[in-house]
Amino acid sequence: MIQFRIHGRGGQGGVTLAKVLAFMYWTEGKWVQAFGSYSAERTGAPILAFTVVDDEPITNRNRIYYPDHLIILDPTLLGPAILEGLQPNAFILIDCPHSPERYVEFAGHRIVTVDARNIALLHKLGTKTLPITNTALAGAIAKVFGLHFSALEKTIAALELPKTNIEAARQAYETVKIGKPTPGKCKLYPVLEPKEPVPSLITGNKGTEPQLNVADWKSQEPFFTSERTAPCNTQCPAGNDVRGFLTALAQGQPDKALAILRQTSPLPGSTSRVCPHPCEQFCNRKEIDEHINIHELERLAADRGKMSDPRPQARRTEKIAIIGSGPAGLSCAYHLARCGYQPIIFEAQPEPGGMLRNGIPEYRLPKDVLEREIAFIKEMGVRINCRSKIETKGQFEKILAEFDAVVLALGLSEGIPFTQGGAHSMQGIDFLRKIRYGERVELGHKAVIVGGGNTAIDSARTALRLGTALVTVVYRRDRAQMPAIPEEIDASKTEGVVFKFLCAPHEVTTKNGKYFLKLQKMELGDVDSSGRRSVRPVDSQFEDIEFSTLIMATGQKAHMPFVDGIVECKDGLIKTHAGQTTHPKIFAAGDVTTNEGTVTHAIGNGRLAALSVDSYLQKTDLPRPLPKQMVEASQMNLYYFNPSPRAQGQQQSREARTQTFAEVHLGLENVNEALRCLSCGMCNGCLGFEKGKCELFCPERTIHRLTATELNINYQGCKGCLICMEVCPRNAMDKRLVQKGERL
Amino acid sequence: MIKQLCTANYAGGWTFSICGNANRNARGCGAGIYPITPQTEVVETMVDLYNKGLIKKGRIFHVESEHSALAACIGMSMEGARAFTATSSNGALYMAENIVCSALLRLPIVMQIVNRTLGPEWNIWAEQGESLLFRDWGWIQIYCEDNQEFVDHILMAFYISENHKVLLPSMLCVDAFILSHTLMPVLLPTQEEADQYLPSLDLPHRLKVENPCTVGGLSAPRITASHRYQMEADFANVFPVYREAQDHFEKIFHRRPTDPVSGYCVEDAEVIVVASATVASTVRKAVDKFRAQGKKVGLLKFKMLRPFPTELFLSVVKNADKIAVIDRNFALGAPQKVGGIFCQDIVAALGSVASAKLVQSYILGIGGLDVTGDQIDFVINDIFSRSQPTQSLWGGL
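These numbers come from a predicted model, not from an experiment.

Reading guide: rules and limits
- Residues numbered from 1 in each chain as written.
- Chains lettered and ligands numbered in written order.
- Predicted model: local features only at pLDDT ≥ 70, side-chain atom pairs only at ≥ 80, totals over all residues.
- Heavy atoms only, no water.
- Helix = DSSP H or I, 4+ residues; strand = E, 2+ residues; numbered from the N terminus.
- Contact = heavy atoms within 4.5 Å.
- Areas by Shrake-Rupley, 256 points an atom, 1.4 Å probe, with all protein chains shown as cover.
- Salt bridge = Lys/Arg side-chain N within 4 Å of Asp/Glu carboxyl O.
- Buried < 20%, exposed > 50% of the residue type's maximum accessible area, 1.4 Å probe, protein only.
- Phe/Tyr/Trp six-rings, centres within 6.5 Å; stacked < 30°, edge-to-face > 60°.
- Lys NZ or Arg CZ within 6 Å of the ring centre and 35° of its normal.
- Core = buried A, V, L, I, M, F, W, Y, C linked by side-chain atoms within 4.5 Å.
- Domains from an automatic or database assignment.

(A) How the structure looks around the overall build of chain B. Of regular secondary structure, chain B possesses 14 helices and 15 strands. Put simply, 82% of the contacts in chain B that link residues at least 6 apart link residues at least 24 apart. Counting only carbon and sulfur atoms, one obtains 54% of the accessible surface of chain B, whose full area is about 14900 Å².

Shown next as structure tokens:
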């Protein structure tokens, strides 16, 4: 009697091979039996098949426990387990391109190798990815066991298989490599642990049920990925981990949330109040109800979170000068301090903060919030020299000689000149700064502000708070084209600001001691290179508007006469590449390089300059994080989330807002809003649910909760079905191939 | 006969189709089919042969459930067609209503059951739970030892069931995978042989346009009771018709199918091991081994459970002192905790004789556990040394 045991994977045709062998011997006049060891019939799962050959009728009704020979369809299955019960001096036929000598570990047996896979590919049997090798293997077996090739020809004809099988079988018959018997004992014999018997009245039984170790089958497995990002994270100009801090807040950990924010930004308290929050614009939660109130949650984290000890261990001695203490300069200094430097900031104004202090009114950003955050930066070892205006080339060259690196964070501090109107006309940027420094400014009863940006709106709302009866904003495009933050425009309207759109200032006239601004009517044209629609004058249509004060807020420019000939500029901005100017020692950040015009962009820009300075000084490469894949709503399972209304912080009443400079927004009362965050693309342990969805659906129960925000996969039990990946509400799982051996 | 290497499922698909086609000169044949592991290859084979034009008069209905599969068979059988189907495990449970209906309507339908463990939990391996669930509702039940026996009994089953003295359906049981998916040499009948063996079906109560009637309508208690009594009376006719079928089979195929129960080394046996289906093969090998050691042990292969061949059984075991009954099934909560169903029947069959013989129940192979030679050895050693019967003894846990 000969008993063959075949080891293969579901889909490889192992059971068919058992049948082909049986037919082959049957054709030779033997009694045969062939069967598979059936379990869940799944592609890729290890399967067993058996062929029994005898001279007498076979009445075996059992699995084969003591095979004489093995046939291995997939070499990745080679291991101690396949040797279970194998009789000594067995043939082990392996489908592989190697020579038998490769398999030294099977001493005591005779290795036979045949490249059946490539033979099958050559004869186009099966598909390229799954060649059907059983007739080629049968050819090899015929050779090894001394069967006449005609037996195989008859078998292939009897099974009505295509003629190419005969060619493949013949090639295998001729090319099979039979190894010499090697002396010694196989080292791989498994140590079979006796099974713990269930208390039973009949003893002496082997555990004989089919093996169901599902983890062995897998060719792939899931994992929680950290390679995907959320729209909020990709949109944040400062590079904040929005998703991360929201998850921390949702767990009720404002300190942790603040620490996450402070990894990228030194000014979360300020940006939460003044940033136009592009993070909210593409929030995936919009597909369910409304976007998350991210900016007010950031404010809550900044206002309530306790800052950890800010002092970094100073370890860098290089001297760095930063010119300008606006958001870009502060951010750059902060990140340099985090790297261990002790930079010095030169600030022209009496107080640090740049536009944060001079350009943004108190009712949007209270002074104490800004001062708290600047004090923190100072504690980290940053020195800020105020009233240190750099005006001349000589001063600048002295700094350049004294410091190892210089960062220009000058901002755009000057308005576009407008000479008409005399004492009744002023620049918005100057107006706002004067008010911030407590100077008295007489506006009269009719203020006209020209411009559509945030300076215009801030000036208008400040004018109202100073008691001006009529405040009008004149803008040459229409509302939709205004660059100012939309919420700010709405708030100014609520407070009583009047808007005149599609009007451009033409000239200032006087009549009877009154001042008038002649406005040229405009109309919208095509979209221009800035993405906004262009405007053109409508012929001979003019209008006069009376003013007591005219405030010009039509844009700002940099004041930097001292850099001429040292760094290259273009269109009034400093040219940079990754924060570095054309002068290797000089770096630049913020509006003076980009004119992006928001505090958050300046913070992100300042960080980039800091990294650039560090890599310049340490002569290292600038870290370039790989772009992450952004998760869109369509890739998520949003039906798991119930709609819940967006929380909105309280505001001062309209009356209060026009009379004082008290902060308009009062902030959120609690962190509940953070629980609405979907944590797109990042596992948060299905925070707020008792079980993770993957945990709930895993058919093998291999996923378990570690903490409120973490789940763990036990890969010993995971069969790689990837149901977890499919059901993940937030698309936070990915799959990877599992390769145990030389090929799959 | 065609000598072929095939699985029980292929053999079933072939033989059912050949037997069905043998009725082509009468009302034809038909099957209602619905696949279930491990029966699927049977219906696949039927469809394949049907598509190749093997069946000259008949139809195969692809239906949406097992319940409908047998319903289609009932309809065709009522019309006088030779009807057959196959199912397994929970599929048979879904068929339940029509399984009972087929017998009560006295329709000679033949059904293959691939014995598979009932779930949940899902288990696709061999156990006799589903066929034994339908033991008591008028079906002839045959448990096959190998693929050849299964093929032979398809022919026999149509012969017996369609006999006017019987007119009861037949259930042919094969162990999942151990037979259903195992390739072994089989002699398959040719069409000519099937035509010779099987007379055309002439169902006396078949529906006819010229004689309209209602079937299965409301019945008074006394009529139902009479019908049931008649069924039991006709069940007794199975034994002589079985012998007739054996004789006829031998004439045409030159082989004789074994009796409903058959002994092996039983004449002088002190101990007889009773086993059904594939376990009988393993026991036979163990008997040879023990006989070689001089131990007087024999095998009783239990093939036909219904109708229970009481006389035949008693004649086989009459000389034995002890009977070990191996069951691949278990009736929960049975008297004396003897849950082996064959064993319960055997104890009942022995009646007053039971007190003189020791009968011990052994439960092996539940849920598809491999019933190994080691286990049979244990059973034989245990029964030899046993002086008192006890509750069912379980093996392989």
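Having put the structure on the table, let's press on.
(B) Structural context of the pattern of salt bridges. Going through the model one piece at a time under the given rule, you end up with 54 salt bridges over all chains. Across the pair Glu495(A) and Arg657(A) runs a salt bridge, and its minimum N-O distance is 2.9 Å. With Glu495(A) in helix H18 (residues 486-495) and Arg657(A) in helix H21 (residues 654-659), the pair connects residues that are 162 residues apart, well separated along the chain. Exposure class is identical for Glu495(A) and Arg657(A). Each is buried. In this structure, Glu79(B) engages Arg27(B) in a salt bridge whose closest nitrogen and oxygen atoms are separated by 2.8 Å. Taken as a pair, Glu79(B) in the loop between helix H3 (66-78) and strand E4 (82-88) and Arg27(B) in the loop between helix H1 (8-21) and strand E2 (29-33) lie far apart in primary sequence, 52 residues in all. A relative accessible area of 37% means that Arg27(B) is categorised as partly exposed. The network of salt bridges with shared partners includes Arg364(A), Asp458(A), Arg461(A), Arg465(A), Glu488(A), Glu495(A) and Arg657(A).

(C) Expanded view of the packing of aromatic side chains. On inspection of all chains with the given rule, the structure shows 27 aromatic pairs over all chains. For the pair Tyr197(B) and Phe249(B), a centre-to-centre distance of 5.6 Å together with 80 degrees between the ring planes defines the contact as edge-to-face. In this pair, Tyr197(B) is assigned in helix H8 (residues 191-197) and Phe249(B) in helix H10 (residues 238-253), connecting sequence segments 52 residues apart. Using a relative accessible area of 0% as the deciding quantity, one classes Tyr197(B) as buried. Since its relative accessible area comes to 0%, Phe249(B) is described here as buried. One aromatic cluster is present, formed by Tyr143(B), Phe302(B), Phe308(B), Phe313(B) and Phe342(B) through successive ring pairs. Seen from the ring of Phe689(A), Lys693(A) lies directly overhead, with NZ or CZ sitting 4.1 Å from the centre. The ring of Tyr264(B) is capped by Arg284(B), whose NZ or CZ atom sits 5.7 Å from the centre of that ring.

(D) Molecular detail of the nonpolar core. In this structure, Ile99(B), Ile160(B), Tyr197(B), Leu300(B), Phe302(B) and Phe313(B) are the most contacted members of the largest nonpolar core, which totals 112 residues. It is helix H7 (residues 147-161) of chain B that contributes the most residues to this core, nine residues altogether. When residues of this core are assigned to domains, at least three fall in each of domain 1 (2-253) and domain 2 (263-394) of chain B. With near-sequence residues (within four places) excluded, Ile160(B) lies in contact with Ile140(B), Val166(B), Val238(B), Val241(B), Tyr242(B) and Ala245(B). Core analysis: the next-biggest nonpolar cluster, separate from the first, contains 68 residues, Ala248(A), Ala301(A), Ile320(A) and Cys339(A) among them.

On their own, these measurements won't tell you what the molecule is for.
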